[in-house]
2 protein chains.
Amino acid sequence: MQGRTYFCGEVPANAIGEKVILKGWVQRRRDLGGLIFIHLRDRTGIVQVVFNPEVNKAALEVAERVRSEYVVEVEGTVIARAEETYNPNLSTGTIEVQVDRMTVINESKTPPFMIEDDVEVSEDVRLKYRYLDLRRPAMFNTLKMRHQVTKVMRDYLDGEGFLDIETPILTKSTPEGARDYLVPSRVHPGEFYALPQSPQIFKQLLMVSGVERYYQIARCFRDEDLRADRQPEFTQLDVETSFLSAEEIQTLTEKMIVRIMKEVKGLDIPAPFPRISYDEAMGSYGSDKPDTRFELKLNDLSEVFQNSSFKVFAGAVAKGGQVKALNVKGGAVQYSRKDIDGLTEFAARYGAKGLAWLKAEDDGLKGPIVKFFSEEELAALNTVLGVEKDDLILFVADKKKIVADALGALRLKIGKDMGLIDESKFNFLWVTDWPLLEYDEDARRFSAAHHPFTMPVREDVPLLETEPEKVRAQAYDIVLNGYELGGGSLRIYERDVQNKMFKALGFTEEEAISQFGFLLDAFDYGTPPHGGIALGLDRFVMLLAGRTNLRDTIAFPKTASASDLLTDAPSEVSTAQLIELHLSTNIKK
Amino acid sequence: MQGRTYFCGEVPANAIGEKVILKGWVQRRRDLGGLIFIHLRDRTGIVQVVFNPEVNKAALEVAERVRSEYVVEVEGTVIARAEETYNPNLSTGTIEVQVDRMTVINESKTPPFMIEDDVEVSEDVRLKYRYLDLRRPAMFNTLKMRHQVTKVMRDYLDGEGFLDIETPILTKSTPEGARDYLVPSRVHPGEFYALPQSPQIFKQLLMVSGVERYYQIARCFRDEDLRADRQPEFTQLDVETSFLSAEEIQTLTEKMIVRIMKEVKGLDIPAPFPRISYDEAMGSYGSDKPDTRFELKLNDLSEVFQNSSFKVFAGAVAKGGQVKALNVKGGAVQYSRKDIDGLTEFAARYGAKGLAWLKAEDDGLKGPIVKFFSEEELAALNTVLGVEKDDLILFVADKKKIVADALGALRLKIGKDMGLIDESKFNFLWVTDWPLLEYDEDARRFSAAHHPFTMPVREDVPLLETEPEKVRAQAYDIVLNGYELGGGSLRIYERDVQNKMFKALGFTEEEAISQFGFLLDAFDYGTPPHGGIALGLDRFVMLLAGRTNLRDTIAFPKTASASDLLTDAPSEVSTAQLIELHLSTNIKK
């Protein structure tokens, strides 16, 4: 073998007359008028190579036996194409290579699917033959973009004095949070490591160590039942700093993202990013991760209808709930009564018992409920919503959470249905002022809205013991186009505050010490104030690459049942392996 | 809190008169003549801050109650020190900060050991309080160097078109190689994932995908009984390329190392690095990872003594063994007869039944065995070894492997004993032309010298079925100062060659398919020739940082029994967790 002179997709248009050596895969072969044309592909793209019996008969004979996906080396001369045969789909479309020699380096069976972007094949087949799936240009380019994103992250953080520090994968199991993956110990019978759900505690310990600025592109693990956008192992950019305010951490993050958007996507994103409070996000968008690429906000009409003779509305308000509405501009034309029945069913999935509606027609608001409204109520409605002809108004009256969930989901659905979303936009947004705790109705106890190490607002600390639901967190999420890109907070750095937090979460003192005693101890030895953020890398790359499937951003992902279809993991292991680990499986065979 | 103006160790000597805000840890406090002096420390170093009652009494009162490792913020003015009080041990030794205000941010108990480099404390205590141990400047600087090394690796490889691609941590168990860590599956009862011993197969599959240039700074896992320089989880720079020769891969690696040595250590390392064959390494140094910072080579005297009347020597040669010797210059003076007895015991640990010796004195060679040698033998000995006065000659006559092991170990010991090693040198070296297989006397079968995917020298492939021990590998190791820094090879890329390799390793066809069927299948679809290398990051950083303990290069390492003394991992888990995983432990409680 000899060294290549160019990558296929990079043979320059002005190289005419040059002798070149190329290596790559046969994309396709066409035999035409005694000549053979091969599209030769590598990771950079495609170049056409031509075999002419009058130039070299031996090379043509080799070309006659090659098929798609053969690996070959060709030597030849760059020639200009006739202008009428230019191929605008190829970066090398104005030239081709007249071949003097071709060597078959390796052969290929017919692959189970074509190596091209718009291929009709089930994802299971793609995953089983992942090594072929990744040959498709869009897949390779997503991996390349992922590399670029992490490179810019690293360059930026290095420049800001952050150290990339690896934390352990074999760690201690802590039942708080999601379910751990466990790793049995051979040396310590009956004991287990856990794979980390995040490096949270280790990065805090690095702050105790005085590292001040830490980052890691860290693998994290959660043994949860998977949804479409989850993976059992996922990657986050994990950042922690000492002595900085929440705003300073947000600014650092923004600067990094601005640089990524510029260097990877060529886009100028204005900073600072908008900041809205959790309450405003829930109130105006019905979501803690609003998609702000379009308006269509939720409007609060509780006051308007609190004394309405329409009992559905007045009753909801009387019970402490809300009446809120979306005003869908042009929706009266877009949505038929049958369509609105569909929206009602959709809202019901989010707990809404009904979806009241009005349409603005030439002669005013029409709809089955309009008769219940007084003149004053209709006037107020018009004012609040700015009603115009062809508006469709959709109401949900219910508990606050159901109103938000149902109208929030409807907002997104209608935004998509009506093409309100500018898909070219990248809208970054901070959601701040989170509650510290959430009440878990099932478990009948509070759980941490972010995690148990989040710092309460200083003056709310006493409320931890009296009205935990009122405690505000020094936490912030970053949202991109309706996806939670990441979240962070200032952390507790005092033992007594951490103890109060554990108590509010229902830990006994014994449990707190047995699980997190080493962290509590660390707080005794000069722990600096600290805080940080974690960004989901897989999801960020998915959004940047314009993909809709998280698996497309991961070289070797797992299915929804956490299987690797390529290597067939997980799989059975030998009895000898289990004996060494002091384990039996409770499986009847 | 306010933003800091400087890091402690970076307050400039010319900042005199400037108002500064500093944050950090109290290294020590001295009360002297009504003043208080505090050494304030952060990750950059130390600055002295002074409390003077005539400047600010309130600040002095705060200073009176602070102790070592308190976290404080001080505000004050940079002043010049009197020249006779300059502290040459501090980067800021010509100035100090006159304090106007001090705020205690967090307090500290008295730490279990002083935060300074040369502290006398057991490693177990250091590991339990790792967050304090890492405050010691040498520890922080090692973490920082690790960051720098990986940053240069990434910059270099990015510039060469390599993509950083993550491979899975939850993978398939493959019994070949070391023992796997297993992860029970909850979703697939009775099945297990394994943590990867290396990303070997995934990186090869990426080459099948046409990625061409891959790297990853990858976590690897081996559940082995640990020696001092091993960790259950360790990190390697993992590199794979397509279409390159072994020499091209070596050159890429060299260029990267040269850049690391320049940017991290400020050293110019000449390249190309020396290359020696495995046979020469074993022959001249008695080691496959020779320390070439000093000479003291092994000399082959088998021919000289094959017909000797000294039957110990002649007999070893007659049985197919060797007679080899070290000529220790000046050793006759350095080593007494008693010392030589010690060397004999040392050699015995490596299997040598004896250690014959001679000393070169004024009137010729002396020693208990000299009487057995003929004039011709003594003359030949003098010629081969270049004997001079005060030389000590040490002989081992035995099987080839024992001769190499014993004299190789003696060589290193004497090199250290006699101070022959220039500790400032970084001697990189390629060891090439490895055997493909090693015969495992215990298992009575061949095992792979590197791994089962190593490409044999092309013309040796037929020998796989007839004389496997003679097959040469296209493999190379890189050695630094006597440590194996990494190793690589060209890989098999043809199904039939891989099948022959598995067969030589004792796999049945069924076993090969059940464990590696997906790789064999991949070879059917246009696999390019490929090869790569892996470098042990922990060890590389250890050598660059001049440490002798691998754990010092890892933020949160494990002990020799694979325990994390800080978090107490592994630990027991709840029965509920085990039930979910369909497992029981075979432990009687």
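Residues numbered from 1 in each chain as written. Chains lettered and ligands numbered in written order. Predicted model: local features only at pLDDT ≥ 70, side-chain atom pairs only at ≥ 80, totals over all residues. Heavy atoms only, no water.

Undergrad: Sorry if this is basic, but what is going on with the relation of the copies chain B and chain A here?
TA: If you rotate chain B by 180 degrees and push it 0.0 Å along the axis, it lands on chain A with an RMSD of 0.1 Å. Seen this way, the second copy is the image of the first under a two-fold rotation axis. A symmetric contact is evident, with 100% of the interface residues of chain B recurring at the interface of chain A. (Least-squares fit on C-alpha atoms with pLDDT ≥ 70 in both. Contact = heavy atoms within 4.5 Å.)

Undergrad: Got a minute to help me understand the state of the cysteines in this structure?
TA: Under the defined criterion, the tally for this structure stands at zero disulfides over all chains. Cys 220 of chain B supplies the cysteine sulfur nearest to Cys 220 of chain A, a cysteine that is in no disulfide, at a spacing of 18 Å. Using a relative accessible area of 0% as the deciding quantity, one classes Cys 220 of chain A as buried. (Disulfide = S-S within 2.5 Å. Buried < 20%, exposed > 50% of the residue type's maximum accessible area, 1.4 Å probe, protein only.)

Undergrad: Please clarify how the interface of chain B and chain A should be interpreted in this entry.
TA: By convention, interface size is frequently given as the accessible area that disappears when the constituent parts associate. Residue-level contacts link 122 residues of chain B with 122 residues of chain A. Here chain B packs against chain A, burying approximately 10600 Å² in sum over the two surfaces, 59% of which is carbon and sulfur. Run the count over chain B and chain A and you get 16 salt bridges. Notably, a salt bridge pairs Arg 219 of chain A with Glu 166 of chain B, separated by 2.9 Å at the nearest N-O pair. Summed over the shared surface of chain B and chain A, the number is 69 residue pairs in polar contact (both at pLDDT 80 or more). Counting residues per element, the side of chain B that touches chain A draws most heavily on helix 4 (residues 137-159) of chain B, which supplies ten residues. (Buried area = accessible area lost by both parts, 1.4 Å probe. Salt bridge = Lys/Arg side-chain N within 4 Å of Asp/Glu carboxyl O. Polar contact = N/O pair within 3.5 Å; in protein donor to acceptor, adjacent residues only side chain to side chain. Helix = DSSP H or I, 4+ residues; strand = E, 2+ residues; numbered from the N terminus.)

Undergrad: What am I meant to see in the sheet that holds strand 14 (residues 356-361) of chain A here?
TA: Pairing between the strands of a sheet is mediated by backbone hydrogen bonds and can be parallel or antiparallel. All names here are of chain A. The sheet built from five strands is open, its strands ordered 12-13-16-14-15 with antiparallel pairing. This sheet does not close on itself; its edge strands, each paired only once, are strand 12 (299-300) and strand 15 (364-366). Pairing between strand 12 and strand 13 (residues 322-328): two bridges, direction antiparallel. Residue pairing in the sheet places Asn 299 in a bridge with Ala 325 of strand 13. (Pairing = 2+ DSSP bridges.)

Undergrad: So what exactly am I meant to see when it comes to the pairing of strand 9 (residues 213-221) of chain A here?
TA: All names here are of chain A. When you tally the buried positions in strand 9, you get nine out of nine residues, the bulk of the element. Going residue by residue along strand 9, you find Arg 213, Tyr 215, Ile 217, Arg 219 and Phe 221 tucked away on one face and Tyr 214, Gln 216, Ala 218 and Cys 220 tucked away on the opposite face as well. In terms of strand pairing, strand 6 (residues 163-164) meets strand 9 through two bridges, oriented parallel. Residue pairing across strands places Leu 163 opposite Tyr 214, the latter belonging to strand 9. Summarising the sheet, strand 9 and strand 10 (residues 233-242) pair through nine bridges and their orientation is antiparallel.

Undergrad: How should the packing of helix 14 (residues 495-504) of chain B against helix 15 (residues 509-522) of chain B be read in this particular structure?
TA: Residue and element names in this part refer to chain B. Axis separation between helix 14 and helix 15 bottoms out at 11 Å; the angle between their running directions is 155 degrees. As far as their axial angle goes, helix 15 and helix 14 are roughly antiparallel. Helix-helix and strand crossings are classified by hand; for helix 14 and helix 15 the assignment is right-handed. Two secondary-structure elements touch here, helix 14 through Arg 495, Gln 498, Asn 499 and Phe 502 and helix 15 through Ala 512, Phe 516, Leu 520 and Asp 521. (Axes fitted to C-alpha atoms, helices over the stretch in contact; angles between N-to-C directions. Parallel < 35°, antiparallel > 145°, perpendicular 65-115°, else oblique. Left-handed = near helix turned anticlockwise from the far one by under 90°.)

Undergrad: It is not clear to me how the UniProt feature "binding site: ATP" (unreviewed entry) in chain A should be interpreted in this structure. Could you clarify?
TA: Listed under "binding site: ATP" (unreviewed entry) in the UniProt record, and renumbered for this structure, are Arg 222, Asp 223, Glu 224, Gln 231, Glu 484, Gly 536, Leu 537, Asp 538 and Arg 539 of chain A. As for its position among the elements, Asp 223 of chain A is in the loop between strand 9 and strand 10. Judged by relative accessible area, Asp 223 of chain A falls into the buried class, the value being 2%. Non-local contacts of Asp 223 of chain A, meaning those with residues more than four positions away in its chain, are made with Arg 179, Asp 180 and Tyr 181 of chain A together with Arg 186 and Leu 581 of chain B. In this fold, Leu 537 of chain A is placed in helix 16 (residues 537-544). What makes Leu 537 of chain A buried here is its relative accessible area of 1%. The contacts of Leu 537 of chain A, once residues within four sequence positions are left out, are Arg 146, Val 149, Thr 150, Met 153, Ile 217, Thr 235 and Gln 236 of chain A together with Glu 166 of chain B. (UniProt positions renumbered as here; feature names shortened; annotations may be inferred.)

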